[in-house]
Amino acid sequence: MPVRSGRPVARHDAGGDSLGVVGRLRAGGAAIPQGVFSKRLVPPQRASGRISPVCCEYEVIVLVVGFPAGVFATNCYVVAEADGRPCLVIDPGQDAAAAVAEIVTAHRLRPVGVVLTHGHLDHTWTVYPLCSGYDVPAYLHPADRYRLADPAATFPPDVLAALGLLGVRLQEPDDVRPLADDAELELAGLRLRVRHTPGHTEGSVVVQTVAGSTRLELGADRRQVEGPLMFSGDLLFAGSVGRTDLPGGDPEAMRASLARVATASDLPDETVVCPGHGPLTTLGHERATNPFLREALAAGVPAAWRGRR
Ligand SMILES: [Zn+2]
Ligand SMILES: [Zn+2]
């Protein structure tokens with residue numbers, strides 16, 4: 001873990017130092033402590049109703065299929081209550097539409113919305129074709145709304161140039177609805193809670209499921225997990241955090257956001273963190289080992305933020 005001046009510094013090693021992302025997906029999800037997911041699974045004789053075709057001994061409440069998309073390797077997640085149900089798409093990155101369509105077909109899903117953890121183009125690249133193709137709204141925190149009008153304009157030109165993407169034009173979706181702090185949403189039959197977690201961008205959020213048993217796939221990493229999930233966008237990664245030196249970034253806000261998430265009483269250690277880049281992890285593992293989260297925890301939640309969940 002790179003350390004500068006005795007303090008943890010976010011690393012940016014996803015195929016180059018300037019992408020604003022951390023880590024590529026590692027097959028096997030090595031960051032997840034083995035054994036964490038063997039707890040409290042529903043035994044076969046108690047499982048009823050929806051049964052996972054993959055893990056037939058477990059009852060499935062949530063289905064999540066994720067994949068890293070495009071040159072940024074941004075994790076896109078498709079989330080549903082089960083096969084054959086409505087679904088949400090979270091952070092559809094570059095060239096994600098075909099893979100989303102494949103997942104939708106394979107699991108007989110029906111997209112009802114696209115949730116964006118923030119407005120960076122590596123997370124929003126495919127929002128327009130998906131929203132227009134399925135005729136569904138996008139959801140984004142209002143503070144990042146301006147980024148959708150011209151996503152490339154809010155991204156560092158040198159990064160785009162290095163990837164041969166300078167001059168890229170992306171279209172904004174017609175129907176964009178606000179994700180408010182502390183909002184509880186019912187989407188695709190799922191109960192979701194939103195926390196505004198600025199720092200990486202002004203309008204970054206994390207979105208969590210309230211609880212449940214989940215069949216979770218991210219690339220080659222396939223697991224049955226218990227407890228809440230947290231889609232952390234570019235706030236929190238396995239062993240690292242999002243960078244704060246891009247336009248709209250704010251290190252102090254980032255520390256406060258990390259402290260708020262790290263101290264949240266409704267996010268137990270077994271919470272599975274589904275990050276915007278890189279492998280899955282658990283919040284307990286990050287609380288114990290992630291130097292950025294530990295530094296934020298030591299600093300505590302700022303007075304102005306106390307009282308928020
Ligand atoms: Zn990103
Ligand atoms: Zn980002």
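Look up: the structure comes first, before these words.
So, here's what we can say about the structure. Fair warning: this is a prediction, and the values are worked out from it, not measured in the lab.

Structural notes on the sheet that holds strand β18 (residues 281-282)
Phase 1: Taking strand neighbours across the sheet as the criterion, the six strands line up as β9-β10-β11-β14-β17-β18 in an open arrangement whose pairing is mixed. The sheet is open, and its two edges are formed by β9 (184-187) and β18, each paired on a single side.
Phase 2: Sheet analysis places strand β17 (residues 272-275) next to β18, joined by two bridges and oriented antiparallel. Among the inter-strand pairings, Val273 is bridged to a residue of β18, identified as Thr281.

As for the pairing of β9
Each regular strand shows side chains that alternate between the opposite faces of the sheet.
Phase 1: As defined by bridge partners, β9 adjoins strand β10 (residues 190-196) across four bridges and the pair is classed as antiparallel. Paired with Glu186 across the two strands is Arg191, which belongs to β10.
Phase 2: The turn joining β9 and β10, which pair antiparallel and follow one another in sequence, is formed by two residues; a positive phi near 55 degrees is taken by Ala188.

Details of the environment of Arg260
Phase 1: Note that Arg260 resides in helix α6 (residues 251-262).
Phase 2: Along the sequence, Arg260 and Pro302 sit 42 residues apart, while their C-alpha atoms lie 8.9 Å from each other.

Some points on α6
Phase 1: Across its 12 residues, α6 extends 16 Å between first and last C-alpha, which sits within 8% of the 16 Å expected from 1.5 Å per residue.
Phase 2: Buried residues dominate α6, accounting for 10 of its 12 residues.
Phase 3: At its buried positions, α6 is contacted by β10, β11 (205-209), β15 (236-237), β16 (240-241), α7 (283-289) and α8 (291-299).

Quick look at helix α3 (residues 127-134)
Phase 1: Within the sequence span of α3, burial applies to Val127, Tyr128, Leu130 and Cys131.
Phase 2: Those residues of α3 hidden inside the fold are in contact with β5 (86-90), α1 (97-106), β6 (110-115), α2 (121-124) and β7 (138-140).
Phase 3: Looking one or two places after α3, you find Asp135, whose phi comes out positive at around 55 degrees.

Some details on the packing of α6 against α8
Phase 1: Following both chains from N to C, one finds α6 and α8 inclined at 85 degrees, their axes separated by 8 Å at the closest point. Put simply, α6 runs roughly perpendicular to α8. Contacts between α6 and α8 pair Arg255, Leu258, Ala259 and Ala262 from the former with Phe292, Leu293, Ala296, Leu297 and Ala299 from the latter.
Phase 2: Its residues assigned to classes, the contact of α6 with α8 shows eight nonpolar, no polar and one charged.

Some details on the sheet that holds β7
Phase 1: Spatially, the eight strands line up as an open sheet ordered β8-β7-β6-β5-β4-β3-β12-β13, and their pairing is mixed. Looking at which strands have only one partner, the edges of the open sheet turn out to be β8 (176-178) and β13 (221-226). For this sheet the average axis-to-axis angle between neighbouring strands, irrespective of direction, equals 25 degrees.
Phase 2: Sheet topology places strand β12 (residues 213-218) next to β13; six bridges connect them, and they run antiparallel. Paired with Ser213 across the strands is Glu226, a residue of β13.
Phase 3: α3 contacts β5, β6 and β7 of the sheet and is inclined by roughly 145 degrees relative to β6.

A look at the pairing of strand β3 (residues 62-69)
Phase 1: With respect to burial, β3 is a largely interior element, eight of its eight residues being buried.
Phase 2: Burial along β3 is two-sided: the face carrying Val62, Val64, Gly66 and Pro68 and the face carrying Leu63, Val65, Phe67 and Ala69 are both buried.
Phase 3: As judged from the five bridges shared by β3 and β12, these two strands associate in the parallel manner. The residue bridging Val64 from the neighbouring strand is Leu216, located in β12.
Phase 4: Bridge count between β3 and strand β4 (residues 74-80): seven bridges; the pairing is antiparallel. Following the sheet pairing, Phe67 is matched in β4 by Cys76.
Phase 5: Here β3 folds back onto β4 in antiparallel fashion, the turn holding four residues, of which Gly70 has a positive phi close to 70 degrees.

Calculation criteria
- What you see as residue numbers is a count from 1 along each chain, following the sequence as written.
- Working convention: letters from A go to chains and numbers from 1 go to ligands, in the order in which they are written.
- In keeping with the model being predicted, local features are shown solely for residues with a pLDDT of at least 70 and side-chain atom pairs are shown and tallied solely at 80 or more, while totals for entire chains, interfaces and linings include all residues.
- Any two strands between which DSSP finds at least two bridges are classified as paired.
- Think of it this way: any DSSP run of H or I at least four residues long counts as a helix, any run of E at least two long counts as a strand, and we number them from the N terminus.
- For a helix, the expected span equals 1.5 Å multiplied by the number of residues minus one.
- Exposure classes come from backbone-placed C-beta atoms, where a residue is buried if 20 or more other C-beta atoms lie within 10 Å of its own, exposed if 12 or fewer do, and partly exposed in between.
- For the purpose of contact definition, each residue receives a C-beta atom placed from its backbone, and two residues are in contact when these atoms lie within 7 Å.
- Every angle, taken between N-to-C directions, lies between 0 and 180 degrees, and every axis is a line fitted to C-alpha atoms, over only the stretch in contact when it is a helix.
- Orientation categories follow fixed angle ranges, with anything under 35 degrees roughly parallel, anything over 145 roughly antiparallel, 65 to 115 roughly perpendicular, and all other angles oblique.
- Charged means Asp, Glu, Lys or Arg here, nonpolar means Ala, Val, Leu, Ile, Met, Phe, Trp, Tyr, Cys or Pro, and polar covers whatever is left, Gly included.

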